[in-house]
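Listed below are the residues making up each chain.
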Amino acid sequence: PPMIEFDRVGFGYPDGPPVLHEVSFAVPAGTRTALVGPSGAGKSTLLALVERFYEVTAGALRVDGVDVRDVPRDVLRARLGYVEQEAPVLAGTLRGNLLIGAPTATDAQLRAVLDEVNLGHLAERTADGLDVQVGEGGVLLSGGERQRLAIARALLAGPPVLLLDEPTSNLDARNEAALRRAIDAVAVRRTLLIVAHRLSTVVDADQIVVLDGGRVVATGTHDQLTTTS
Ligand code: ADP
Ligand code: ADP
């Protein structure tokens, strides 16, 4: 079965109107799917449904062939690394920020995930290494760096699936390239469902799902979607 499968999924927030209508698409294991569409289209809501932050109100959502309603939340979430759009940095050390998701990780593992997302330099900046202070009162991180730190944190727990809400804030060229390289690196051997705000993310995706008004209005590769019409 596909790693993630939306099968005519409908959803509305409690006491609100429906915001997703008959959404169907599948994410095969080991592939990268980008969700695009205007603000309010329902992209972030789709990611929240996969995590069972909310329950679908129509249709079915399956992870690895099993309806998410039949999987305990902690079991489900152990398989999903979710990285929010405005990933917070906790005031404290770099090590402290990484260990939240995997308290027993070794320094070698921390350095490996930092390298994977192009943040190895943070631990090299001062003699403090992984004990360098970040956030409030320490090294301030750009939006792209904060998100890469959150990706590194998610990777430590070893999930086969990453749900990634790309930052919308303007990234400078260097941060955009670094985020793109980080996404390319983590895409190897993993399944990615990414809310994409940047063309560069969409170009390399195996599949693009275009949402508008809570409906899938197009599905295809970047080439397929740009050569039709
Ligand atoms: P996108 O990520 O594409 O910008 P969202 O998934 O955030 O879209 O939002 C889809 C729709 O759901 C919008 O109409 C939005 O106002 C509404 N919405 C999002 N979050 C909530 C919430 N927590 N409670 C009620 N409505 C919400
Ligand atoms: P919001 O933008 O949602 O108001 P905050 O500004 O309160 O979020 O930041 C949330 C967390 O991220 C705080 O712990 C803060 O120390 C940290 N933080 C905020 N900005 C930066 C930054 N530029 N670099 C590193 N950490 C930051």
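What you see is a predicted model, and the numbers here were worked out from it, not measured in a lab.

A. Just the site of ligand 2, in detail. Surrounding ligand 2, one finds Val 89, Gly 135, Glu 136, Leu 140, Leu 141 and Arg 146. With respect to ligand 2, the side chain of Glu 136 contributes an N or O atom lying 3.3 Å from an oxygen atom. One of the side-chain N or O atoms of Arg 146 is found 3.2 Å from a nitrogen atom in ligand 2. The residue inventory of the shell around ligand 2, partitioned by class, reads 3 nonpolar, 1 polar and 2 charged.

B. Quick peek at the sheet that holds strand S4 (residues 58-63). Across the sheet, 4 strands lie side by side as S2-S1-S4-S5; this open sheet has antiparallel pairing. Single-partner strands in this sheet number two, and they are strand S2 (18-27) and strand S5 (66-67). As paired strands, strand S1 (residues 4-12) and S2 are joined by 6 bridges and run antiparallel to one another. Along S2, the bridge assignment pairs Val 9 with Val 23.

C. Region of the structure containing unusual backbone geometry. A positive phi angle, close to 65°, is found at Asp 15, a residue other than glycine. Structurally, Asp 15 can be placed in the loop between S1 and S2. The class of Asp 15 is exposed, set by a relative accessible area of 88%.

D. Region of the structure containing the pairing of strand S9 (residues 161-165). The element S9 is largely enclosed, with a buried count of 5 among its 5 residues. Alternating positions in S9 separate into two faces, Val 161, Leu 163 and Asp 165 on one and Leu 162 and Leu 164 on the other, with burial throughout. Examined bridge by bridge, strand S6 (residues 80-83) and S9 share 4 bridges and lie parallel to one another. When the bridges of S9 are listed, Tyr 82 appears paired with Leu 163. Across 5 bridges, the pairing between S9 and strand S10 (residues 191-195) is parallel.

E. Region of the structure containing the site of ligand 1. What surrounds ligand 1 is the set Tyr 13, Val 19, Pro 38, Ser 39, Gly 40, Ala 41, Gly 42, Lys 43, Ser 44, Thr 45 and Tyr 54. Measuring from an oxygen atom of ligand 1, one finds a side-chain N or O atom of Thr 45 at 2.5 Å. The element contributing the most residues to the shell around ligand 1 is helix H1 (residues 43-50), with 3 residues.

F. Representation of the layout of surface pockets in the model. Put simply, the largest pocket is a space of about 320 Å³. Leu 80, Gly 81, Tyr 82, Arg 153 and Ala 154 are the residues nearest the centre of the largest pocket, which is lined by 15 residues in total. Residue assignment for the lining of the largest pocket shows that the elements contributing at least two residues are helix H2 (73-78), S6 and helix H5 (143-156). Among the elements that take part in the lining of the largest pocket, S6 stands out by supplying 4 residues, more than any other. For the lining of the largest pocket, a count of residues per class yields 9 nonpolar, 2 polar and 4 charged.

G. Representation of the packing of aromatic side chains in the model. Counted by the stated rule, this structure contains 5 aromatic pairs. Measuring from ring centre to ring centre gives 4.7 Å for Phe 6 and Phe 25, while their planes differ by 20°; the resulting arrangement is stacked. Taken together, the residues span a long stretch of sequence, with Phe 6 in strand S1 and Phe 25 in strand S2 at a distance of 19 residues. Here the two residues Phe 6 and Phe 25 agree in accessibility, since each one is buried. For the ring pair Tyr 13 and Tyr 54, a centre distance of 4.9 Å and an interplane angle of 85° mean the geometry is edge-to-face. Of this pair, Tyr 13 sits in the loop between S1 and S2 while Tyr 54 sits in the loop between H1 and S4, and the two are 41 residues apart along the sequence. Given a relative accessible area of 30%, Tyr 13 falls into the partly exposed group. The class of Tyr 54 is partly exposed, set by a relative accessible area of 29%. Each member of the aromatic cluster is reached from another via a ring pair, and the members are Phe 11, Tyr 13, Phe 53 and Tyr 54.

What counts and what doesn't
- Residues numbered from 1 in each chain as written.
- Chains lettered and ligands numbered in written order.
- Predicted model: local features only at pLDDT ≥ 70, side-chain atom pairs only at ≥ 80, totals over all residues.
- Heavy atoms only, no water.
- Near = heavy atom within 4 Å.
- Polar contact = N/O pair within 3.5 Å; in protein donor to acceptor, adjacent residues only side chain to side chain.
- Nonpolar A, V, L, I, M, F, W, Y, C, P; charged D, E, K, R; others polar.
- Pairing = 2+ DSSP bridges.
- Helix = DSSP H or I, 4+ residues; strand = E, 2+ residues; numbered from the N terminus.
- Buried < 20%, exposed > 50% of the residue type's maximum accessible area, 1.4 Å probe, protein only.
- 1 Å grid on protein atoms, 1.4 Å probe; cavity = no way out; pocket = protein on both sides within 12 Å on 5 of 7 lines; lining within 4 Å.
- Points joined across faces, edges and corners; volume = space filled by probe spheres on them.
- Phe/Tyr/Trp six-rings, centres within 6.5 Å; stacked < 30°, edge-to-face > 60°.

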